[in-house]
Amino acid sequence: MRSSSAEALANVVYDSLSKGRDVVLIAPTGFGKTLLSPHLFLKARSEGFAFNLIHVVPTRALVKEIYEEKFAWLSGEGYQVGYQSQDRLEGGGKSSFYLKDIVVTTLDSFLWNIYRIPVAEIAKVVEGKSQGHFYPVLASILTSIVVFDEAHLYLGEGSRDSRTLMVPVLRALKAYKVPFLIETATIPSIVMGSVLDDADISRGDVDVVYVCSRCNSQVNKIKSLGFNVKVVGPDEEYYKRNKYEWETRLVSQDQALEEALELSEEKLVLVVLNTVKRAVNFYKSIDQPSKVLIHGMLTERDRKQAYERIRRLKEDGRGVIVSTQVIEVGVEVDADILISDLAPVESIAQRAGRLCRSGRSCRPQVLLIEPFDEKLGHGVYDEEIVKGTLEEIKSRINGSGIKAIEWRLLDSENSRASYIDILETLYEAKPRSPSRSFLADVASQYLEGEASPHRLISFLNDYNAWDAFKSTLLVKLLIEGGDPKEDFVVTGLDKASRMGECLDVNESGVKIAVLTVKERGLTGLEYMYSRTVKEALGFVKRKFSPSMFVRGLRGEFEKLPGKVEGVRDLYILVKRSCYVEGEGIVFQA
């Protein structure tokens, strides 16, 4: 459906894009940044500024939500809406080559496509059997507006690999005059500046569209860094719906459990913990039926059931949702209370953004678990940043916590500071992680030149430089004895490599299941031990490359019994002992 506020903000953004400016949009969590894209597309198409729009997001869950809910209304107006992810969604809108009018895509798919290795043809290209049909997808990108949503997750601190690949992409888009928009609620100004500097994008060419009323210290900082800032005040209705008295408190682990049990009798409580193991243990400790667990290692079957339980809890207005940081994007929650592990302030703000989203009467509380004998950040986040976040929060809450921190609006006033002020303070003194590297420089020359994909692949093979791409390589994990349609988990190859205790590994290889196509199109699972998968997961000390991976698998598939006409899918088998229904796969990282 159309949104008047989104349309008005889209006009401001479009005004900058149409003048050849690059745009960064900084707006509060829950503001509806995603809803701008359809309006940008319609205006650009009607004025002949751009033919398509490509909306890039970091997760498959976000692709599903945006494709099925937020962009679907365009179909009713005669436009083709598409998606690209590893999922098969209803509606037949899969668009691997971005040939629909407006496409929402995962970041990993976008990176493969813009690096001229079409995501639909990765195996053929990396094996050297084909150059791939990269011209159609490049033509689509070059005639589109590209929107990078939730950009802090792949351009911010702690995202070295994705940033290494993204900096050359931004530089290439600028060189080819492709209009792009970076959207975020939680990126420090110094990080934003360094990323754009590394991409050789002049700060004077960038408009930062900033949504605030009374604003904060970051606005002045961005101006001092040489960016042009366009302040856009949220409409009065939004401001009234989202102006709350936030309460922030520090609690112990035991207190967190007690508070969750007590508060969930009348309120909907969201508990966000930094690791799957901590989330599962907390979930098990909740002795009541109104609870649900969500994390990245749930099977598709468990995930569907979890989403349905979340929907019912939202309707009831009480219960406990336990999650990891996957809740920060792509899961629609409207809770009253947040109980969270300590994390960088930007992560806490994203988690707090799941509270009081519908504009109802609400008294949001943020309860942060102060570790007793555990490492700050639990090995997931930079310990110094988490320590700094804790110190900044302690200095502001002064006991009661009332009005001390504003966790949604980008406005600071009187004794209440916006989370964005804490963000600026923390990162101003922190040495930034370098975005530029030898690989980034080579990638830039490749993207702005005319070399074939095989030249890039040869370079990555020769210099053993596939690590930056490794997180974009996804694999499917199938629960032993499970249904390949529902009892699988999609995860990165890097995470699968840490699951040795849960995999069936012997001298011959790692046990896998192969979904084969045989005579008359019949499909079935074949089981085998794969030496290639064992090498890819690092259980054998050998240089890894996708080329070797694809060639090795092809050779192994040729040895499958019977007449195999094709291979439809591959799964790494996970021991049943590492899986519990409703709780997912849990392993010692």
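**Digging into the packing of aromatic side chains**
Here a ring pair, both rings aromatic, is described through the centre-centre distance and the interplanar angle of the planes. In total, this model carries nine aromatic pairs according to the counting rule given. Measuring from centroid to centroid gives 4.8 Å for Tyr67 and Tyr83, while their planes differ by 55°, and the two rings are tilted. Residue Tyr67 is located in helix α3 (residues 60-70), and its partner Tyr83 is located in strand β3 (residues 81-84); the two are separated by 16 residues in the primary sequence. When its relative accessible area of 8% is taken as the criterion, Tyr67 is described as buried. Aromatic rings pair up to connect Tyr98, Phe110 and Phe148 into one cluster. One residue, Arg45, lies across the ring of Phe51, its end atom 4.1 Å from the ring centre.

**Some remarks on the sheet that holds strand β6 (residues 180-184)**
The sheet built from eight strands is open, its strands ordered β3-β4-β2-β5-β6-β1-β7-β8 with parallel pairing. The open sheet has two free edges, formed respectively by β3 and β8 (228-232), since each of these has just one partner strand. When the angles between neighbouring strand axes are averaged without regard to direction, this sheet yields 20°. With respect to the sheet, helix α4 (residues 107-114) is in contact with β2 (52-57), β3, β4 (102-106) and β5 (144-148), its orientation differing from that of β4 by roughly 105°.

**Notes on the state of the cysteines**
Tallied over the entire structure, the rule returns three disulfides. Between the sulfur atoms of Cys212 and its disulfide partner Cys215 the distance amounts to 2.0 Å. Where Cys212 bonds to Cys215 through sulfur, the torsion about that S-S bond is close to 70°, and the disulfide is right-handed. Here Cys212 and Cys215 have matching classes, each one buried. Covalent S-S linkage joins Cys502 and Cys578, the inter-sulfur distance amounting to 2.1 Å. Here Cys502 and Cys578 share a disulfide; its torsion about the S-S bond, -90°, makes the bridge left-handed. Of the two residues, Cys502 is situated in the loop between α21 (493-496) and β19 (505-506) and Cys578 in the loop between β22 (566-574) and β23 (579-580); the sequence distance between them amounts to 76 residues. Residue Cys502 is classed as buried on the basis of its relative accessible area, which comes to 0%.

**A word on helix α15 (residues 345-352)**
The α-helix winds at 3.6 residues per turn, so residues separated by three or four positions along the chain end up facing the same way. For α15, a buried count of eight out of eight residues is recorded, marking the element as mostly surrounded by other parts of the structure. Looking only at α15, the buried set comprises Val345, Glu346, Ser347, Ile348, Ala349, Gln350, Arg351 and Ala352. The inward-facing, buried residues of α15 abut α7 (152-155), β10 (268-272), β13 (337-341), β14 (365-369), α16 (383-397) and α17 (419-428).

The rules behind the values
Numbers given for residues are sequential positions, taken from 1 along each chain in its written order. At least 70 in pLDDT is required for a residue's local features to be given in this predicted model, at least 80 for side-chain atom pairs to be given and counted, and no such filter applies to totals for whole chains, interfaces and linings, which use all residues. With hydrogens and water stripped out, all remaining heavy atoms of the structure feed into the side-chain values. Geometry of aromatic contacts follows a simple scheme: Phe, Tyr and Trp rings, the Trp one being its six-membered ring, pair when their centres are within 6.5 Å, and the pair is stacked under 30 degrees between planes, edge-to-face over 60, tilted otherwise. Helix numbers and strand numbers start at the N terminus; a helix is a DSSP run of H or I with at least 4 residues, a strand a run of E with at least 2. Burial status follows relative accessibility: with a 1.4 Å probe on protein chains alone, a residue under 20% of its type maximum counts as buried, one over 50% as exposed, and anything between as partly exposed. Remark: a charge is flagged as sitting over a ring if the NZ atom of Lys or the CZ atom of Arg is within 6 Å of the ring centre and within 35 degrees of the ring normal. Strand pairing is defined by DSSP finding a minimum of two bridges between the two strands. In this analysis an axis means a line fitted to C-alpha atoms, helices contributing only their contacting stretch, and an angle means the value between N-to-C directions, from 0 to 180 degrees. Working rule for contacts: check all heavy atoms of both residues, and any pair within 4.5 Å makes them a contact. Counting rule for disulfides: a pair of cysteine sulfur atoms within 2.5 Å.

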